[in-house]
Protein chains: 2
Amino acid sequence: MTRTAVIAGQGALAPAVIAALEEPLVFALEGFAPDMPVTPFRLERLVPFLDELIGQGVQRVVFAGAIRRPRLDPEAFDPRTAQLVPRILTAMQSGDDAALREVLDVFEEHGLEICGIEEIIPDLLPSEGLLTGNPSEADRRDAARAADILAGLGPFDVGQGAVVAQGLCLAIETLPGTRAMLDFAAAHAGLRPSLNGPRGVFYKAPKPGQDRRVDLPTLGPDSVTQAAAAGLAGIAWQAGGVILLDREESIRRANAAGMFLWAREE
Amino acid sequence: MTRTAVIAGQGALAPAVIAALEEPLVFALEGFAPDMPVTPFRLERLVPFLDELIGQGVQRVVFAGAIRRPRLDPEAFDPRTAQLVPRILTAMQSGDDAALREVLDVFEEHGLEICGIEEIIPDLLPSEGLLTGNPSEADRRDAARAADILAGLGPFDVGQGAVVAQGLCLAIETLPGTRAMLDFAAAHAGLRPSLNGPRGVFYKAPKPGQDRRVDLPTLGPDSVTQAAAAGLAGIAWQAGGVILLDREESIRRANAAGMFLWAREE
């Protein structure tokens, strides 16, 4: 049997992943632990933590849910992890993606396999198709424009989401995340040039070049409710590159709001 | 004498430009008129308006202040302007910049010269240098990163501003504008990884490839106050590409808030 460790972040992804695995070991970064029984670990003691995983017979590791860059306590480092610091700090200069990739490399150097969500629950990543509703031509143009904007931001490790209405960009996701962006779009929805025209699209995609084994963008019922509050026509995302949690409830809410849900081929 | 027409937008730029000119004629797009005596015109009657300018001996036109894409009333078009609609609508598909450039072309085809702010009040566009304060190394890195992000967004006609703190992008300017972006950054300032670390930079630049005769990004005392409210270390901008209104008052407020103001060489 392959023993799997789950690094659980906050949000609804971790419980879904845990439920799909047989007797996983569940860990979480101290300070970012979700509301469930987990064993905490600290990045300052990464190497002893990896030793512990190996000692417990773990062969593969799944990252489930968002992890923010933690604040590091210089006094908490053990000597072996301390030796990794220059490497990780150097990577941080190039952004969070690079830093995370460096951490993943450390896992792999210890013989652990990093396993993506799609290997465990492929159903969570809808492939191309309309899940509900029907985007208009204008909606399709707005989705294409949002996809272009995110692709343009790719090299800069910024966001995974954008809102475009009537060809105009209302919001781009940054550090504060999706909910903050959709709140912003809701607050400024009245700026659409034609108030009775196309209502706009929330589009989500992984950053180009991001490591798809971790931190894939995630949608779910709450995203639908927030996008509905922003008055949008629907949600589109890069087919195969975005996690959709609780598909049934997401579709139900989209139908109630008259919105489409569209896994779009890039 | 060269007679100049000012197309006045909202904000403090138009009064500054008008004050610098001898007996200018002042016009404003209906619905976007600033709080001053102006002659309104409608985009739906652009060709008769241009005839009127020529008839009054106008040779050059200055655009002073932001103009938003107006809502068009199909019934208000005169026949000659109506013939331009397909051309302008086609340009709109490529974004506001393209649409505006098309409108400027129409002005020029009527023999009017479009004149940039720098030709009239060069002092409004600070060239390279520190106006006050002194950005740290971290601030300089944040400014460079924000400049890179805006450059990456260039082809998509999105924003002219971004906020970066500790290498992380807190906000990107979109349709709702600078004030909305800085309010957003202020609301989420607590997300900076190190709360006692570098406070972050508001950076502003024209969109790459934008027509520099119109709609240059503008900073002023209010920007300083808003950036201070977001807890930022300072404001940087592309030297020669950004208008700074009321330099003295802007510097006074920056000094009061302990912030730098930096016209940065790209």
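Higher on the page you've got the structure.
Residues numbered from 1 in each chain as written. Chains lettered and ligands numbered in written order. Predicted model: local features only at pLDDT ≥ 70, side-chain atom pairs only at ≥ 80, totals over all residues. Heavy atoms only, no water.

Undergrad: Account for the environment of F27 of chain A, with residues named and values stated.
TA: All names here are of chain A. Assignment of secondary structure puts F27 in strand β2 (residues 25-29). Taking the C-alpha atoms as reference points, F27 and F41, 14 residues apart in sequence, are found 6.9 Å from one another. Look past the residues within four positions of F27 in its chain and what remains in contact with it is A5, V6, I7, A8, V38, T39, F41, F49, E52 and L53. (Helix = DSSP H or I, 4+ residues; strand = E, 2+ residues; numbered from the N terminus. Contact = heavy atoms within 4.5 Å.)

Undergrad: Mind laying out the sheet that holds strand β13 (residues 260-264) of chain A, listing which residues take part and the relevant values?
TA: The strands that make up a sheet are held in pairs by hydrogen bonds between backbone atoms, and each pair lies either parallel or antiparallel. Residues and elements named next belong to chain A. Taken in spatial order, the six strands of this open sheet run β6-β13-β11-β9-β7-β8, and their pairing is mixed. Edge positions in the open sheet fall to β6 (129-132) and β8 (168-172), since each of these has one partner strand only. With direction set aside, neighbouring strand axes in the sheet form an average angle of 20°. Sheet topology places strand β9 (residues 201-204) next to strand β11 (residues 234-238); four bridges connect them, and they run parallel. Of the residues in β11, the one forming a bridge with Y203 is A236. Sheet strands touched by helix α9 (residues 221-229): β9, β11 and β13. Its angle to β11, the strand with the most contacts, is close to 130°. (Pairing = 2+ DSSP bridges. Axes fitted to C-alpha atoms, helices over the stretch in contact; angles between N-to-C directions.)

Undergrad: Lay out the sheet that holds β2 of chain A with the relevant residues and their values.
TA: All names here are of chain A. Taken together, five strands build an open sheet; the order of strands is β3-β2-β1-β4-β5 and the sheet is parallel. Each having just a single partner strand, β3 (39-41) and β5 (113-115) make up the two edges of the open sheet. The average angle at which neighbouring strand axes cross in this sheet is 35°, direction not considered. Helix α1 (residues 13-20) rests against β1 (3-8), β2 and β4 (58-64) of the sheet, and its axis sits at about 150° to β4.

Purely spatial values, then, with no claim about function.
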